[in-house]
Amino acid sequence: MHETISTLRHFAVHASDGDIGQVADVLFDDETWTARYFVVETGGWLRSRRVLVSPIAVSGLDEHARSVSVDLTKDQFAGSPSIDTDVPLSRQMEMKYRDYFSWPLYWVDTFLEAYRKADFPKLATADQAVHAGHTTRRESLLPHPPKGDPHLRSANKVIGYTVMASDGGVGPLEDLLIDSNGWGILSLVVHANQLTHSRRLIVSVNHVGEINWPTSSIHLGLSRGETDALLSAPTSG
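Since the model is a prediction, treat every value here as computed from it, not as a measurement.

(A) Spotlight on the overall build of the protein chain. Helix and strand content of the protein chain: seven helices and 15 strands. Summarising the internal contacts of the protein chain: among those between residues at least 6 apart in sequence, 55% fall at separations of at least 24. Total accessible area on the protein chain is roughly 11500 Å²; 52% of this is exposed by carbon and sulfur atoms.

The following block contains the structure:
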């Protein structure tokens, strides 16, 4: 099932014993293009706290009801560590979440291919990755691990970045397309501004060469002429 981030952002979140709140943001890894956390706005019942939920906790997604179900209780949410959801998150804070919820700290770069056949694939642990012959990032084992993950990005902040072809600008990033069967980000939705008309381009993340955070731009390994041949849908204006 494919959803845009802007649609998923408004999905209600249901714990095993009641409603929690709604998805407010998605934090993703810009190297593997995989969702790492959902930022959930809990609402008034928990004093409008924001908490992180790993995709490993997701047990189902109902597109028609616009809701996500998680294998967690309201008490677990209430007792979870307080967190500042500005990224990069500290390694210490991610480990607090890992320890509290018993989640893997990191998962393999290639878990999508290994687990795509499952209805709701679980994220692989480092040990499972080794047995499966996959690679995994283990920054926590470095002598001086970084204070925060420089590859962990807020979808809310990235949407609106300027998308650049090799020979000039294409248009602003309008949305991201995510696959709920594995929680990989598949494509950029770009509002391409052209001389005679505008349209939305669907650009695979495989075409992304670089994300330049200081200039708020995404650089493609394509020319503007090559982007014209990409799958598109007409815009309303």
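There's plenty left to go through after this.
(B) Summary view of the packing of aromatic side chains. Using the criterion set out here, one finds five aromatic pairs in the structure. When the ring of Phe38 is compared with that of Trp183, the centres are 5.0 Å apart and the planes differ by 80°; the resulting orientation is edge-to-face. In this pair, Phe38 sits in strand β4 (residues 34–41) while Trp183 sits in the loop between β10 (168–179) and β11 (184–193), placing the two residues 145 residues apart along the sequence. Judged on exposure class, the residue Phe38 and its partner Trp183 are both buried. Their ring planes at 65° and their centres at 5.7 Å tell us that Tyr161 and Trp213 sit as a pair that is edge-to-face. A residue pair is termed long-range when its members are at least 10 positions apart, and Tyr161 in the loop between α6 (155–158) and β9 (162–165) and Trp213 in the loop between β13 (208–212) and β14 (217–220) qualify at 52 residues.

(C) Seen up close, unusual backbone geometry. Within the chain, Trp33 stands out as a residue other than glycine whose phi angle is a positive 55°. Mapped onto the secondary structure, Trp33 falls in the loop between β3 (18–29) and β4. A positive phi is found at Trp183, a non-glycine position, where the angle reads about 60°.

(D) Expanded view of the pattern of salt bridges. Across all of its chains, the model carries five salt bridges by this definition. We note a salt bridge from Asp29 to Arg36, for which the minimum N-O separation is 2.9 Å. Taken as a pair, Asp29 and Arg36 share a single burial class, namely buried. Of the charged contacts in the structure, one is a salt bridge between Arg200 and Glu174, with a shortest N-O distance of 2.2 Å.

(E) Local environment of the side chain of Asp30. Mapped onto the elements of the fold, Asp30 is located in the loop between β3 and β4. Within the structure, the side chain of Asp30 is placed 3.3 Å from the side chain of Arg153, a separation counted as a polar contact.

(F) Geometry of the confidence of the model for the protein chain. This prediction gives the protein chain a mean pLDDT of 77; 73% of its residues lie at or above 70. Of all helices and strands in the protein chain, the one with the weakest mean pLDDT is helix α5 (residues 126–132) (35), whereas β14 scores best (96). Long-range and interchain partners of residues 107–146, a stretch whose pLDDT sits below 50, account for 69 contacts in this model, where long-range means more than four residues apart. Overall, residues 233–237 carries pLDDT values under 50, and its contacts beyond four positions in sequence, including any with other chains, amount to ten contacts.

(G) Region of the structure containing the environment of Phe77. Within the fold, Phe77 resides in helix α2 (residues 74–78). Placed 25 residues apart in sequence, Phe77 and Leu52 show a C-alpha to C-alpha distance of 9.2 Å. Discounting residues that sit within four places of it in the chain, Phe77 has contacts with Ala15, Ile20, Trp45, Leu46, Arg49, Val51, Val53, Val70 and Leu72.

(H) Seen up close, the nonpolar core. Residues Leu8, Trp33, Leu176, Leu188 and Ile218 are the most contacted members of the largest nonpolar core, which totals 56 residues. With near-sequence residues (within four places) excluded, Leu8 lies in contact with Val23, Val26, Phe38, Leu61, Val68, Ile178 and Trp183.

(I) Main features of the pairing of β9. The side-chain alternation of β9 yields one buried face, formed by Val163 and Ala165, and one unburied face, formed by Thr162 and Met164. In this structure, β9 lies alongside β10, joined through four bridges in antiparallel fashion. Residue pairing for β10: Thr162 is matched across the bridge by Pro172. Linking β9 to β10, which pair antiparallel, is a turn of two residues.

(J) Here's a closer look at the environment of Met1. Along the chain, Met1 falls in the segment before β1 (2–4). What makes Met1 partly exposed here is its relative accessible area of 43%. Note: C-alpha distance between Met1 and Trp183 (182 residues apart in sequence) is 9.7 Å. Once you skip the residues sitting within four places of it in the chain, Met1 turns out to touch Leu61, Glu63, Ile178, Asp179, Ser180 and Asn181.

What counts, and at which threshold
- Residues numbered from 1 in each chain as written.
- Predicted model: local features only at pLDDT ≥ 70, side-chain atom pairs only at ≥ 80, totals over all residues.
- Heavy atoms only, no water.
- Helix = DSSP H or I, 4+ residues; strand = E, 2+ residues; numbered from the N terminus.
- Contact = heavy atoms within 4.5 Å.
- Areas by Shrake-Rupley, 256 points an atom, 1.4 Å probe, with all protein chains shown as cover.
- Phe/Tyr/Trp six-rings, centres within 6.5 Å; stacked < 30°, edge-to-face > 60°.
- Buried < 20%, exposed > 50% of the residue type's maximum accessible area, 1.4 Å probe, protein only.
- Salt bridge = Lys/Arg side-chain N within 4 Å of Asp/Glu carboxyl O.
- Polar contact = N/O pair within 3.5 Å; in protein donor to acceptor, adjacent residues only side chain to side chain.
- pLDDT = per-residue confidence, 0-100.
- Core = buried A, V, L, I, M, F, W, Y, C linked by side-chain atoms within 4.5 Å.
- Pairing = 2+ DSSP bridges.

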